[in-house]
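One-letter residues, chain by chain:
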Amino acid sequence: MNEILKLIIAQNQKHLLSDYTIIPRELEIIPIARKSTVIMGIRRCGKTTWQYEKIQALLESNVSFENICFIDFSDDRLYFLRAEDSLPSIISDTYYGMYPHKHDEKVYFFFDEIQYVNLWGSFINRLQISENCEIYITGSSAKLLSKELSTEIAARTFSWELFPFSFVEFLRFKNISILFDDVKNRDEIKKGFDDYFYKGGMPERLILPNDTMVNKYFQNFVRDVITRDIILRYNISNPVQLERLTQLLLNSFSRLITVNKLKQRLSGERLNLSPKLINEYIDKLIDSYLLYIVSIRSYNMAVQSINPKKVYIVDHALAQCMSVSTSENRGLILENIVFMHLRRKTEDIFYYKTKKGDEIDFVTGPDSKIKIIQVCWELNKSENTRKREIKALIDAMNELNVCESWVITAYEKEEVKDIKTGHVIHIVPAFQWLLE
């Protein structure tokens, strides 16, 4: 086994510089002394590429390639580390056996998809305490990692979440300036938004040779997440039901769902799942970062429990390929884009129902910093639409005791002020709001 690890470590050191153009991410990941840096997120969102970006920066700062140990644990040659009787200490023993003098120097360990390794938490804990090193860890499961972190290495880690490209990162990929300094730039940004709306932010999707491959790419992507992150990891006994439930949830993006309706739909197709199992499967899909569930805003947990939830998908292009594009779907896709922009900044996101029953798409933040956000593809499509949306926002502002709110549209821009109450509604085009 040592010889295999020696070969892998040596091979990886020869290829530490990425062959692909690396797009700098908005997320600034700052290492903290004596803490391992844990990066979590959906498969293929760029976690490994970020590690290569960090490695490149180290090499440019004159760190020797011998001081860098990069291991991808999805490598089939390392399957022996998944066995219950395997000990991951063989990794550091092998590395320091190759470079004994590195005990006296700072070493940088990069461990990709570490959740595949048995007893990895205690290994990382010992390595961090006993050696002069920085450790960078990636994984595709929030729950698995957080559970192991809490029991094995507790406060010795600092975790970050990485998502598919934001609009800003997409513009960087397309070499489009994000500055609104002249008409030409604004037009380029607007055109870039149209492209982002269509293509999404999954890095691999953006380099596909042609658009005929998109549906196949996302089908394989979803199948990979379901199989590797859920079915195999948790030994799921109802894979067909899980796959169909996932399809139903992905088709419900930006809409309200209930467990009972999902159960009825599955039962109608002779796929029986109990409400308990449906909830468990949804939790696992959330843990894999494939989708997100948003509850109604209420301090009463019972109210949150009995009310429908809203579902969003990690990338809006995945949502877009779930069904035929319609004018209604444009608004749902825009809502998914807005959600993911908010989710990059906070988990404190809810939808809201006014006392008159009108739905507000997003209410974020604590009581002292509430932000109310509505999403509407075309606010001025009709007078009825405009009146309905503005009235709902005014009611929400009154009930939540805030004086301003936002409507995110495709292209419209305006500011609505109520002189009597002081309320302000900012109507902002998405391509501008996503850059703020």
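Residues numbered from 1 in each chain as written. Predicted model: local features only at pLDDT ≥ 70, side-chain atom pairs only at ≥ 80, totals over all residues. Heavy atoms only, no water.

## Side note on the overall build of the chain
Piece 1. Helix and strand counts for the chain come out as 16 helices and 14 strands.
Piece 2. Its C-alpha radius of gyration of 24 Å places the chain within 12% of the 22 Å reference for a compact globule of 436 residues.
Piece 3. Along the three orthogonal principal directions, the C-alpha set of the chain runs to about 75 × 60 × 45 Å.
Piece 4. Out of the 436 residues in the chain, the part that is buried amounts to 52%.
Piece 5. For the chain, long-range pairs separated by at least 24 residues make up 68% of all intrachain contacts whose partners lie at least 6 apart in sequence.
Piece 6. Surface exposure of the chain reaches about 20,900 Å², of which carbon and sulfur atoms provide 51%. (Helix = DSSP H or I, 4+ residues; strand = E, 2+ residues; numbered from the N terminus. Rg over C-alpha atoms; globule rule 2.2 N^0.38 Å. Buried < 20%, exposed > 50% of the residue type's maximum accessible area, 1.4 Å probe, protein only. Contact = heavy atoms within 4.5 Å. Areas by Shrake-Rupley, 256 points an atom, 1.4 Å probe, with all protein chains shown as cover.)

## What to know about the pattern of salt bridges
Piece 1. Applying the stated criterion to the full structure yields 28 salt bridges.
Piece 2. Between Glu 3 and Lys 6 there is a salt bridge, with its nearest N and O atoms 3.6 Å apart. With Glu 3 and Lys 6 both in helix α1 (residues 2–14) and 3 residues apart, the pair spans about one turn of that helix.
Piece 3. Assessed through its relative accessible area of 32%, Lys 6 is described here as partly exposed. (Salt bridge = Lys/Arg side-chain N within 4 Å of Asp/Glu carboxyl O.)

## Considerations on the sheet that holds strand β8 (residues 309–313)
Piece 1. Judged by pairing direction, the sheet is antiparallel, and its 3 strands sit side by side in the order β6-β8-β7 without closing on themselves. Only two strands of the sheet have a single partner each, and these edge strands are β6 (255–257) and β7 (291–294). The sheet shows a mean angle of 40° between the axes of neighbouring strands, direction not considered.
Piece 2. Judged from the 4 bridges that link them, β7 and β8 form a sheet pairing that is antiparallel. Among the inter-strand pairings, Val 294 is bridged to a residue of β8, identified as Lys 310. (Pairing = 2+ DSSP bridges. Axes fitted to C-alpha atoms, helices over the stretch in contact; angles between N-to-C directions.)

## Details of empty space enclosed by the protein
Piece 1. Evaluated as defined, the whole model comprises 2 cavities of 30 Å³ or more.
Piece 2. Each pocket or cavity is described by its volume, and for the largest cavity that value is around 50 Å³.
Piece 3. Every residue along the wall of the largest cavity is listed here: Pro 164, Phe 165, Tyr 196, Gly 201, Val 314, Asp 315, His 316, Ile 337, Met 340 and Arg 344.
Piece 4. Of the residues contributing to the lining of the largest cavity, the split by class is 6 nonpolar, 2 polar and 2 charged. (1 Å grid on protein atoms, 1.4 Å probe; cavity = no way out; pocket = protein on both sides within 12 Å on 5 of 7 lines; lining within 4 Å. Points joined across faces, edges and corners; volume = space filled by probe spheres on them. Nonpolar A, V, L, I, M, F, W, Y, C, P; charged D, E, K, R; others polar.)

## Examining the environment of Ser 177
Piece 1. Checked against the element boundaries, Ser 177 lands in the loop between α6 (167–173) and α7 (183–199).
Piece 2. Between the C-alpha atoms of Ser 177 and Glu 188, which are 11 residues apart in sequence, the distance is 8.1 Å.
Piece 3. The residues contacting Ser 177, other than those within four sequence positions of it, are Asn 185 and Ile 189.
Piece 4. In this structure the side chain of Ser 177 is engaged in a polar contact, spanning 3.2 Å, whose partner is the backbone nitrogen of Leu 179.
Piece 5. For Ser 177, the side chain forms a polar contact with the side chain of Asn 185, separated by 3.4 Å. (Polar contact = N/O pair within 3.5 Å; in protein donor to acceptor, adjacent residues only side chain to side chain.)

## Looking at the pairing of strand β3 (residues 107–112)
Piece 1. The buried fraction of β3 is high, at 6 of 6 residues.
Piece 2. Every second residue of β3 is oriented toward a common face, with Val 107, Phe 109 and Phe 111 on one face and Tyr 108, Phe 110 and Asp 112 on the other, all of them buried.
Piece 3. When strand β2 (residues 68–72) meets β3, the two strands line up parallel, connected through 5 bridges. Directly across from Asp 72, in β3, lies its bridge partner Asp 112.
Piece 4. Taken together, β2, helix α3 (residues 89–98) and β3 constitute a β-α-β crossover, and its handedness is right-handed.
Piece 5. Note that β3 and strand β4 (residues 133–139) share 5 bridges and pair parallel. Directly across from Phe 110, in β4, lies its bridge partner Tyr 136. (Right-handed = clockwise from strand over helix to strand, strands pointing away.)

## Some words on the nonpolar core
Piece 1. With 120 residues, the main nonpolar core has Phe 73, Phe 109 and Phe 111 as its most contacted residues.
Piece 2. It is helix α8 (residues 214–234) that provides the largest number of residues to this core, a total of 9 residues.
Piece 3. Once you skip the residues sitting within four places of it in the chain, Phe 109 turns out to touch Cys 69, Tyr 95, Tyr 96, Leu 127, Cys 133, Glu 134, Ile 135 and Tyr 136.
Piece 4. Counting 18 residues, the second largest nonpolar core, distinct from the first, contains Val 363, Ile 372, Met 397 and Val 416. (Core = buried A, V, L, I, M, F, W, Y, C linked by side-chain atoms within 4.5 Å.)

## A word on the side chain of His 426
Piece 1. On the secondary structure map, His 426 appears in strand β14 (residues 424–429).
Piece 2. Excluding its chain neighbours within four sequence positions, the residues that come into contact with His 426 are Glu 404, Ser 405, Trp 406, Val 407, Glu 414 and Glu 415.

## Notes on the packing of helix α9 (residues 239–250) against helix α11 (residues 275–287)
Piece 1. Running from N to C, α9 and α11 cross one another at 70°; their axes reach a closest spacing of 11 Å. Of the possible angle classes, the one that applies to α9 and α11 is roughly perpendicular. The two elements α9 and α11 cross, and the hand of that crossing is right-handed. Contact residues: Leu 242, Leu 245, Thr 246 and Leu 249 in α9; Ile 278, Tyr 281, Ile 282 and Leu 285 in α11.
Piece 2. Here the contact of α9 with α11 is composed, by residue class, of 7 nonpolar, 1 polar and no charged. (Parallel < 35°, antiparallel > 145°, perpendicular 65-115°, else oblique. Left-handed = near helix turned anticlockwise from the far one by under 90°.)

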